[in-house]
Amino acid sequence: MGKNLHPSILEFFNKRMSGHSNVADMRDESDDENYIFRIARSKQRDEILVWLTDAYHFTDTDYYARPRSLRPGDFILVAKPEGDVAMDQEAIGRDCIGVGQIGKFMGALNSRSMWTYLTREEKEQ
């Protein structure tokens, strides 16, 4: 894991965040190894961290190797469009850290408990 994301992915993410009705502000807090952004949410009047992972197949191993700066209420964005998530859902509930791709993240931004947000497809399963 690291910073192996095409610049177009970061551009797409920035555009989606600047157009989201619940994003009041976004600051880049990336380091040498990770893309991390602090997002101030308007409706909840809070701040969350989102980590953009370059994993293609995000698993439990990736989850447990996440940046230590992530805390309950934050989100892990599987940023590659061809990526997927295959991990233990109990860990998400226990740690209260959301995991998903951009569509899920866009919806979860409106939820107070982002880790509980489910897409329509997830609800149908």
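Residues numbered from 1 in each chain as written. Predicted model: local features only at pLDDT ≥ 70, side-chain atom pairs only at ≥ 80, totals over all residues. Heavy atoms only, no water.

Visitor: I'd like a description of the pattern of salt bridges, backed by residues and values.
Guide: Inspection of every chain in the model, using the stated rule, returns eleven salt bridges. Between Arg 71 and Asp 74 there is a salt bridge, with its nearest N and O atoms 3.5 Å apart. The exposure class of Arg 71 is partly exposed, given its relative accessible area of 33%. Here Glu 122 and Lys 104 are joined by a salt bridge, their closest N and O atoms 2.9 Å apart. Placement of the pair is Glu 122 in helix α5 (residues 120-124) and Lys 104 in helix α4 (residues 102-108), with a sequence separation of 18 residues. The buried category is assigned to Lys 104, whose relative accessible area is 10%. Here the salt bridges do not stand alone but share partners, grouping Asp 25, Arg 27, Glu 29, Arg 38 and Glu 47 into one network. (Salt bridge = Lys/Arg side-chain N within 4 Å of Asp/Glu carboxyl O. Buried < 20%, exposed > 50% of the residue type's maximum accessible area, 1.4 Å probe, protein only. Helix = DSSP H or I, 4+ residues; strand = E, 2+ residues; numbered from the N terminus.)

Visitor: I'd like a rundown of the sheet that holds strand β3 (residues 46-53), residues and numbers included.
Guide: Pairing in this open sheet of five strands is mixed, and the strands run β1-β2-β3-β5-β7 from one edge to the other. Of all the strands in the sheet, the pair left with one neighbour each is β1 (23-28) and β7 (98-100). Neighbour to neighbour, the strand axes of the sheet diverge by 25° on average, direction disregarded. Both strand β2 (residues 35-41) and β3 contribute to a ladder of seven bridges, which runs antiparallel. Bridge assignment links Ala 40 to a residue of β3, and that residue is Glu 47. Here helix α1 (residues 7-19) sits on the sheet in contact with β1, β2, β3 and β5 (75-78), set at roughly 5° to β2. (Pairing = 2+ DSSP bridges. Axes fitted to C-alpha atoms, helices over the stretch in contact; angles between N-to-C directions. Contact = heavy atoms within 4.5 Å.)

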